[in-house]
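Residue strings, one per chain:
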Amino acid sequence: MHWIDGIVQGVLLGGLYAQYALGMALMFGVMKIVNVTHGDLVVLLALIGISLANVAGLGPWAVLATLVPIGAALGWLLQRALLNRVVGNDPLPSLIATFGLSIALQNAMLVIWSADTRSLSGGGIQQASISLGPIFVGVLPLIVLICATLLTGGLDLTMRRTRFGRSLRAASADVEAAAMVGVNPRNVYAAATAIAVGILGFAATFQAMRSTVAPADGPFQLIFAFEAVIIGGLGSIWGAFAGAMILGISQAIGFRISPGFGILAGHLVFLAVLAIRPQGIFQRRA
Amino acid sequence: MSKYRVARMTLSGRVALVLFTAALVGICAMPWWASQGLIRDVVTLACYIAVAQMWNMLAGYGGVVSVGQQAFVGVAAYAMFVLAQTFGVNPFLAVFLSLLAPAILAVPIYGLLHRLEGAYFAIGTWVVAEALRLVATNMPMLNGGAGMSLRVMTQFSAHERAVASSLLAAALLLVTLGGSYLLLRSRYGIALTAMRDNPVAAASQGVDVGRLRLLIFIATAVGTGFAGAVYFMAQLRITPPSAFDANWANLAIFIVMVGGIGSLEGVIIGAVIYFFADRWFGEYGASYLIVLGLLTLVCALYFRGGIWGLWSKWVEAPWFPTRRRLIRLDGDKA
Amino acid sequence: MTPLLSTHGLIAGYGDMRALHGIDLTVNSGETVALIGANGAGKSTLLRAIMGLLPVAPEMIRLDGQPVGGRAPHRMVREGLAIVPEGRRLFTGMSVEENLRVASEHAAKPVAEPWTLERVFALFPILREKARTPVENLSGGQQQMVSIGRGLLAQPRILLCDEISLGLAPKVVREIYAALPEITANGTALVLVEQDVGLAQRASHRLYCLLEGRVTLHGTSGEISRDAISAAYFGASHALD
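Quantities reported herein were computed from a predicted structural model and do not represent experimental measurements.

Draft legend 1. Spatial organisation of the overall build of chain B. The helix and strand inventory of chain B stands at 15 helices and four strands. Computed over the C-alpha atoms, the radius of gyration of chain B is 21 Å, within 12% of the 20 Å expected from 2.2 N^0.38 for a compact globule of 334 residues. Counting only C-alpha atoms, chain B reaches 75 × 50 × 40 Å along its principal axes. The long-range fraction of contacts in chain B, counting pairs at least 24 apart against all pairs at least 6 apart in sequence, stands at 81%. Carbon together with sulfur atoms contributes 66% to the accessible area of chain B, which is approximately 14700 Å² in total. Charged side chains in chain B number 23 positive and 13 negative. The centres of these two groups are separated by 7 Å.

Draft legend 2. Broad picture of the confidence of the model for chain C. With 97% of its residues at a pLDDT of 70 or more, chain C has an overall mean of 91. Prediction confidence for the complex, expressed as pTM and ipTM, is 0.90 and 0.91 respectively.

Draft legend 3. Focus on unusual backbone geometry. All names here are of chain B. A positive phi angle is found at Asn-143, which is not glycine, with a value near 65°. Here Asn-143 lies in the loop between α6 (118-138) and β2 (148-149). Not every positive phi belongs to a glycine, and Leu-236 is a case in point at roughly 70°. The topology assignment puts Leu-236 in the loop between α10 (209-235) and β3 (237-238).

Draft legend 4. Expanded view of the environment of Ser165(C). Residues and elements named next belong to chain C. For Ser-165, the position within the fold is in the loop between β7 (158-162) and α7 (170-178). Distance in space between the C-alpha atoms of Ser-165 and Asn-39 is 15 Å, their sequence separation being 126 residues. For Ser-165, the residues in contact, after removing those within four places along its chain, are Val-173, Tyr-177 and Glu-194. For Ser-165, the side chain forms a polar contact with the side chain of Glu-194, separated by 2.7 Å.

Draft legend 5. Up close: the interface of chain B and chain A. Contact residues are listed per partner, giving 40 residues for chain B and 42 residues for chain A. Of the roughly 3600 Å² buried where chain B meets chain A, counting both sides, 82% is carbon and sulfur surface. Where chain B packs against chain A, one counts one salt bridge. When the shortest N-O distance is used, the salt bridge between Arg304(B) and Asp90(A) registers 3.5 Å. On the surface where chain B and chain A come into contact, there are four residue pairs in polar contact (both at pLDDT 80 or more). Taken together, the elements giving at least two residues each to the side of chain B that touches chain A come down to α2 (36-61), α5 (100-113), α6, α12 (247-259) and α14 (286-301) of chain B. Of the residues belonging to the side of chain B that touches chain A, the class tally is 28 nonpolar, seven polar and five charged.

Draft legend 6. Focus on the interface of chain C and chain A. Facing 21 residues of chain C, the contacting portion of chain A comprises 19 residues. Summing the contributions of chain C and of chain A, the shared interface buries around 1900 Å²; its carbon and sulfur component is 59%. Connecting chain C to chain A are five salt bridges. Here Arg166(A) and Glu105(C) are joined by a salt bridge, their closest N and O atoms 2.6 Å apart. Taken together, the links from chain C to chain A amount to eight residue pairs in polar contact (both at pLDDT 80 or more). Put simply, the parts of the chain that give the side of chain C that touches chain A at least two residues each are α1 (43-51), α2 (73-79) and α3 (96-105) of chain C. With five residues, α3(C) is the single largest residue contributor to the side of chain C that touches chain A. Within the side of chain C that touches chain A, the residues separate by chemical class into 10 nonpolar, four polar and seven charged.

Draft legend 7. Region of the structure containing the pattern of salt bridges. In total, this model carries 18 salt bridges over all chains according to the counting rule given. Linking Arg256(A) and Asp5(A) is a salt bridge whose minimum nitrogen-to-oxygen distance equals 2.9 Å. Taken together, the residues Arg256(A) in helix α10 (residues 237-257) and Asp5(A) in helix α1 (residues 2-31) connect sequence positions 251 residues apart. The class for Arg256(A) is partly exposed, based on a relative accessible area of 25%. Between Arg119(C) and Glu182(C) there is a salt bridge, with its nearest N and O atoms 3.8 Å apart. Note that Arg119(C) is positioned in helix α4 (residues 117-123) and Glu182(C) in helix α8 (residues 180-184), a separation of 63 residues in sequence. Note on Glu182(C): relative accessible area 40%, which makes it partly exposed. Shared partners join several salt bridges into a network, and the residues in it are Arg166(A), Glu97(C), Arg101(C) and Glu105(C).

Calculation rules
Residues numbered from 1 in each chain as written. Chains lettered and ligands numbered in written order. Predicted model: local features only at pLDDT ≥ 70, side-chain atom pairs only at ≥ 80, totals over all residues. Heavy atoms only, no water. Helix = DSSP H or I, 4+ residues; strand = E, 2+ residues; numbered from the N terminus. Rg over C-alpha atoms; globule rule 2.2 N^0.38 Å. Contact = heavy atoms within 4.5 Å. Areas by Shrake-Rupley, 256 points an atom, 1.4 Å probe, with all protein chains shown as cover. Lys, Arg positive; Asp, Glu negative; His and termini not counted. Charge placed at Lys NZ, Arg CZ, Asp CG, Glu CD. pLDDT = per-residue confidence, 0-100. Polar contact = N/O pair within 3.5 Å; in protein donor to acceptor, adjacent residues only side chain to side chain. Buried area = accessible area lost by both parts, 1.4 Å probe. Salt bridge = Lys/Arg side-chain N within 4 Å of Asp/Glu carboxyl O. Nonpolar A, V, L, I, M, F, W, Y, C, P; charged D, E, K, R; others polar. Buried < 20%, exposed > 50% of the residue type's maximum accessible area, 1.4 Å probe, protein only.

Shown next as structure tokens:
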């Protein structure tokens, strides 16, 4: 029962990681770039949300409804002002530019919010749980998981069924050819990053409700998102979701073996996947 | 028929070589002329230059971007502590023996991560460094999160320690800067420069890009580890967060990007700037780091060659000339 | 009369290497113009420059007499240009229908008789059967048809075709060339880059021959002699052979 409980808690944790990973999978799939500030943006949005809750008295759902558009706007701005200049075959400029921005952002948050860890009050929902047979499941983690599933499904459908999704996939396959049929790559890229960071609005709200955030946490979120994407397999939306589940389960089980081993277990599974199945568990669909 | 000779040395290069040699001699002789504080500063600066130059070789020439070089700093430093403190090996000897650890570790790390594309490789190195930090934290042999002290150093006098630190700092600079310079001037240098400028074209000209990248990954791991062992020998104490501190990657990237990627001169300029910036503005903590981060960003966006790149546009006087020039021997001006 | 498309002393290249040294070219509505020339003569570069894929000065390219040079490719599509690029450049991982829809969804303002998926399927019936097939699973000829269809669905006034016969079986080439009159029927102009000089001459109204980035010959396709073409194609020094 101990282990089954571990798996269940892992899947629930994976729901949060999936919300980190979706945007990263989308951005890498479309532009082949990694935004090193990915995790810092989660923290930034979470801190903005907590401040909004404290200053304007917003409830958690109102915070969520505010953070998603703020995230989308930040993403759009990030792409327009910065990333569009560094998209290209050479990974160095985008990596270094966002690396520098990440250091600046972390320290700017430190100046504004101090190093304290903070969290967002959920109005009692944090304590609520339901029992599934002998296992107790928190209501909030369940909501996070459902939300992650809907986001993944929604993003997948958007990619497959909409005009915008088709232009994204076309730009991802051959950006110059996409431009030749009328797709404006800069707009497509800006929209992709807006969606990616908009999804981080969900991640930020739930992260702040489920546990705590502090300005220096970003790199961990970045690494978890990255591990989920690689475990699942590059370029696949549902792959990122599944990778997040595997990462969550690995950490939860590792944590039960020894509290100091939880995060490390996730890293080891990631390295094992690279060794055994470098294309990820779920290959990109043809 | 004119006769030609291939020349690489320039006047500025000769002057720089003399200065570099003089600086190394001066560093070796530090115990007899410098204060304890100055020796410590020079050791620190030498470590910055070494770590940055290794990142520069990796990213600037090898085309391999890593943000997890602290993995090798920590592994070599811990290996040195274990050899010297736990097994009683002479610490000076232990510094060199400990370099086996990053060399051995670099092979599987590269083997695993090279399957990831460009930017993902870089994040992968970060994961490895994090994993190693957690391993160190969980290892009883390394005293876990509490860290280790190099108590064996107390058997040496202050003067003996100063001599060791000074010689190691000089050796570190000789190996990382001098070694890079010799490598770039060798036949591998041509291949490396070709690979930096265009990996696909280099591959088509018979350069084994994959093998060369593995070799440079191992070599830079050793150089980075050397800096780690020297740095923590001077610190006398090591903990997992300090050994595997992401700041090692931060400072390497800042130094190389601001100084000028793909040049040895840029690394020296960048390291000196970082060293003094850290001294003078370090007390401002976060605000200072915001500026460092933004400077790195601006260099990546607008000044890819950094300060040295801007300077070279005005003055053609390389300190470490690696380019080959054709010189006509018979003096025929026609 | 203002030509539909004209270039004026067009200069373009890749980095420091200049590939075009002042090209003057005109294309009128409903006309088929062929570009011939040896490998490296600059034919593909010319199409890429017109399409906005290479930096050029505004005055060097005019549409309806208006300077449009140097605009981004997606803006050129809005002006009524489309290209069937060298190497087809289809969107892998997407089906035939999806490839076509990306183009139709970002097309210029529809012309009088707009191209629809239906019309493309009527032009190349095999594509209707393969509509759901990922493009990477098609034969070379079928891929070329998708690429042409994609160009048409951009609703171009001028369609630039870069070596659409390259690497295809003669039967497939005939099939594709047979479809061209249907394209020009409602006024769309065609610019064909073609290796096969005879084919280019038969399929076009006028032709230009390029050599080392310059126009060495141009005239009405039916009136140009083989000798004139070979002189222009290989350069004057080879014309005596």
